[in-house]
Every structure is written in C-alpha cells, then in structure tokens.
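Chain and residue survey
This is what each chain is made of:
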Amino acid sequence: MLAASLMFPLWHGGPSERKAILVTSTVEIPSVCHREPMRPDKHDFDTLNSDTWSVHGGNHADETTGAIRTPIVMANSYRLPADPTTIDDPDFAGLVYTREHGANQRGLEEKLAKLDHGESAAVFATGMAAMHAAFFTVLNPGDHAVISNVVYMRVAGLFETILPAKLGIEVDFVDITDLDAVRAAVRPTTRLVHTEVIANPDLRVADVAALAQIAHEADALLTVDSTFTPPPMMRPLDLGADLVMHSLTKYYNGHGDAMGGVVIGGGTLVDEVRTGALWHAGGAISPFNAWLIMRGSTTLPLRLRRHCENALAIAEFLAADPRVVHVAYPGLAGHGQRESATAQLREGFGGVVSFALGGTHEDRLRFVNDLRVITSAVSLGHDETLVAYEEYPDGPASAFAAPFREHGLVRLAVGLESPEDLVADLDAALTTAYGAAR
Ligand SMILES: Cc1ncc(COP(=O)(O)O)c(C=O)c1O
C-alpha cells in the first residue's frame, strides 16, 4: 500500500449554492490494481437499494418496439422452439403456455422473489390460491399442522374443515404469541407451522424467528403470510421462514383493482409449489393483473410509509377518544407485542387499525354508515381507506381480546388520504353515533 496526499473536490451546500471546495486527505492507494467499485445496474438486485429494485426489478424493455416497459402480453401460447421436444428439458428457459409461465408473470416473479430475499417466486390468481398452493405442497395426508388461531378467515376455513376432511390433516389452532403453547402443540407428525406476521383482524404480532426455530426443531416448515407487512417492512425469509406468501391484491397492487398472490422461498421448494400446485391446479394470474400489480409495486415503499404514518395518527386519535372502547395497533404503547413489532418491523407498524365501539349494534351501524371519506368495504392496502365492521358470534372470535368479542370489531384499512381528513371523518361519524367527545 502507498500512502499519498490527494486533493479532491467535494460538493458543498444545497443545489442553489453548489460550489466545489478542496479537501486535503491522506488515503491508502493499493499497490496493485483492484476491482472498480460496483456501479449499480437496474437489473442487478445485489447492487441496488431495494427501493430502486421496486421500480426497476422484473421490468424489461420490449425488444420489438423499444417500449421501456414490459407490455401486457395477452397471449395464451408462445411460439415453440424449432425442436419442440426441448421444452421438457429442465433447463429450458423459454415461455410456452400462460397457465405455466407468461411474460408478465415472469417479470413479476423476478421482482417479488428478490424484494423478499427469496431465490424464487410463483405468482397466482389470488392470495388464497397462493396460500392453498403452499399448504398443498408442504402437507401430505395424515400430517399435523400448528396454525395461528387468528388468521384470515378463509385460511382458517381451509384448516378447520377442508384440509382435515379432504387430506386427513390434523390441526391445532394456537395463540401464536404464546411460544410455550406453540412448543406444546408440536407433535412428531407436525410438518407445518403457519402464521401471519400481523394477524387479520385482531393485529397480534408473531415472533417469526422464534417460530422458525420451534418449527425447525420439530422438522417442520414455517410458512408466513406477510400480506400486512410487505418489503421493506419485513422479510420473513431472513428470519428463518421457509416460505412467505402475500395476497398481492392488497399493498403490492395498492389500488384496489387487481387480485393476485405469491409464494416465495428457496428454489427447490418454490419449484414444487409451481409444478405441483400451479401447473396442475391451474390458479394462474392473468397477464393484465400481473401487469397492474407490477405497476402498483413500483410505488410500494413510498405508499407503505404513508399507510403506516396515517395508521399511527389514527390509532393515536382513537386511543385518546373516550367514545372508543378498545384500539389494537402494534405501534401503540399498550399493544401486547409492541416490543416484538419494533424489533421486527421497519418503516412503521402497518396500515390496519382495529377497534371496538360501545353502545348498541345500531349505534355502530350509525357510525359506519355516517362515514363520508371512508368507504365501508372489505380488503386493505388500497389507496382509499376502507372500513369493515364485523361481529363474530363464535369460531375465530373466541381468540380475540374481550372487547372485540363483546362489541364486534371495526377494521380500518387506512389509505393514502390526508390524515386530517380521515380523523375529521371518524370524529364526525363518532359524534353522529355517540355525541360529541367530552
Ligand atoms: C392476511 C390475508 N391473507 C390472505 C388473503 C387472501 O387474499 P386474496 O383475497 O387475494 O385471495 C387475505 C384477504 O383478505 C388476507 O387479508
């Protein structure tokens, strides 16, 4: 190494007052040539910040027209190679038939796999198609599964009735935040532990690394539904999960106009999901929806930050309001897994706030129906704020906090509007239903 004194310019000040100043420094110069510093390339995830990959990943200029965005390829079939029998070679990389692989699916898979730090991804027509594909791949008849007792209702339904009836799967539903209960539920036949990071709808938070350890000690796999916590908020594969799934219908698409789902993980396991459950069960996403989700996902990191900021502002408003009986939001001091949420999540605590209102059923309906900016509809992760009020007479609600069992649960899927307008809308509807706050 040679030591040398160098003069080099630094830009100083803001854009309007840019002037070069000279700085003297002593630097080490290697005596042999070394590699140039890596320049970022828009198609190389390893040299890019993940926000940049959200914009460029999986998008390829069109060779025919020169269009700088991958076009929507609405074709069921692709021209076969000169020797069509080569499509069965394991390393055949071309496209053949859109149920199995189309141009828009492939681009989306390329983007999503890397965003979640996975090797491979398989996209599906809906989130449920993706969830089902993962479970169908991992489980065999007679296996045992440990499932969080608060999960999206259709996933709960799969494990309550369909998988036990059709495949003889044995299931224990446990409070996933109680690690001793999870350990106690594991059996020699357990092949699957499944959870959501932030549970829909009561917003309890799972400790993904601890669950991965429990699952792996039992020789089982951990699958994680990270729909409420897409990258860059959380990457369950980095914490030991074997597969991560998302409903792309939600934050990834972000605009409430296309459905999709994805399974991401190691190459071999995702290949099994693709060839077994996508090719044969056939829940392929349409090229148009894949394109819409691809477009939505370019702004995912920006939108997520706004969803999280708005949700925190609303959770704080509701928590301070005497007309509200109970608020669940992982970013609030009183949330049971606040510490775990802080340790695992980046950028914020998600865009969903769940709360309970007192009074009668009719009071709660008056509140929901008096909202003017916020729309009463299911789903989440849309640009607009949605509210869904549900009462759960039995079943999954037995696991919820007492106020939700007693008063029902209002789930607010906070959108991208101004937080002042959302708070004003909530305040006005609460006043209609319950009178002015003190
Ligand atoms: C947490 C979660 N997982 C999965 C799904 C299913 O996704 P999709 O509606 O795209 O099938 C939903 C839908 O609401 C969900 O909230």
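Not measured: the values here are computed from a predicted model.

**As for the environment of Leu-167**
You can see Leu-167 is positioned in helix H4 (residues 153-167). Since 15 C-beta atoms lie within 10 Å of it, Leu-167 is described here as partly exposed. Counting along the chain gives 28 residues from Leu-167 to Leu-139, while the straight-line C-alpha distance between them is 8.7 Å. Setting aside residues no more than four positions away along its own chain, Leu-167 makes contact with Leu-139 and Pro-141.

**Here's the deal with the sheet that holds strand E10 (residues 324-328)**
Here we have five strands laid out as an open sheet, ordered E10-E11-E14-E13-E12, and mixed in their pairing. Only two strands of the sheet have a single neighbouring strand rather than two, namely E10 and strand E12 (375-376). Along the sheet, helix H9 (residues 300-319) contacts E10, strand E11 (352-357) and strand E14 (409-413); its crossing angle with E11, the most-contacted strand, is approximately 15°. Docked against the sheet, helix H11 (residues 361-370) engages E11, E12 and strand E13 (386-390), running at close to 165° with respect to E13.

**Details of the sheet that holds strand E8 (residues 243-247)**
Taken together, the seven strands give an open sheet; going across it, the order is E3-E9-E8-E7-E6-E4-E5, and neighbouring strands pair in mixed fashion. The open sheet has two edge strands with one neighbour each: strand E3 (120-124) and strand E5 (170-174). Along the sheet, successive strands turn relative to each other by an average axial angle of 20°, direction set aside. In this structure, strand E4 (residues 144-148) lies alongside E5, joined through five bridges in parallel fashion. Counterpart to Ala-145 in the pairing with E5 is Val-171. Strands strand E6 (190-196) and strand E7 (221-225) of the sheet are contacted by helix H6 (residues 208-217), whose axis makes an angle of about 150° with E7.

**Some points on the site of the ligand**
In the neighbourhood of the ligand, 13 residues make up the surrounding shell, with Thr-126, Gly-127, Met-128, Ser-247 and Thr-249 lying closest. Considering each element in turn, the shell around the ligand owes the most residues, three residues, to helix H3 (residues 127-138). Of the residues that constitute the shell around the ligand, the class distribution is four nonpolar, seven polar and two charged.

**Here we look at the packing of H11 against helix H13 (residues 419-434)**
Contact pair H11 / H13: the axes reach a minimum separation of 8 Å and the direction vectors enclose 150°. Classified by chirality, the crossing of H13 by H11 is right-handed. Facing Asp-363, Arg-366, Phe-367 and Asp-370 of H11, the residues of H13 in contact are Ala-429, Leu-430, Thr-432, Ala-433 and Tyr-434. Class assignment of the residues belonging to the contact of H11 with H13 gives a composition of five nonpolar, one polar and three charged.

**Quick notes on the environment of Phe-400**
Mapping Phe-400 onto the fold places it in the loop between E13 and helix H12 (402-407). Along the sequence, Phe-400 and Met-259 sit 141 residues apart, while their C-alpha atoms lie 28 Å from each other. In contact with Phe-400, other than residues within four places in its own chain, are Asp-202, Arg-405 and Leu-409.

**Observations concerning the domain arrangement of the chain**
Domain annotation for the chain reports domain 1 (97-298) and domain 2 (301-434). Facing 26 residues of domain 1, the contacting portion of domain 2 comprises 30 residues. Split by residue class, the side of domain 1 that touches domain 2 holds 14 nonpolar, seven polar and five charged.

The rules behind these values
- Residues numbered from 1 in each chain as written.
- Predicted model: local features only at pLDDT ≥ 70, side-chain atom pairs only at ≥ 80, totals over all residues.
- Helix = DSSP H or I, 4+ residues; strand = E, 2+ residues; numbered from the N terminus.
- Buried ≥ 20, exposed ≤ 12 C-beta atoms within 10 Å, placed from the backbone.
- Contact = placed C-beta atoms within 7 Å.
- Pairing = 2+ DSSP bridges.
- Axes fitted to C-alpha atoms, helices over the stretch in contact; angles between N-to-C directions.
- Near = placed C-beta within 6 Å.
- Nonpolar A, V, L, I, M, F, W, Y, C, P; charged D, E, K, R; others polar.
- Left-handed = near helix turned anticlockwise from the far one by under 90°.
- Domains from an automatic or database assignment.

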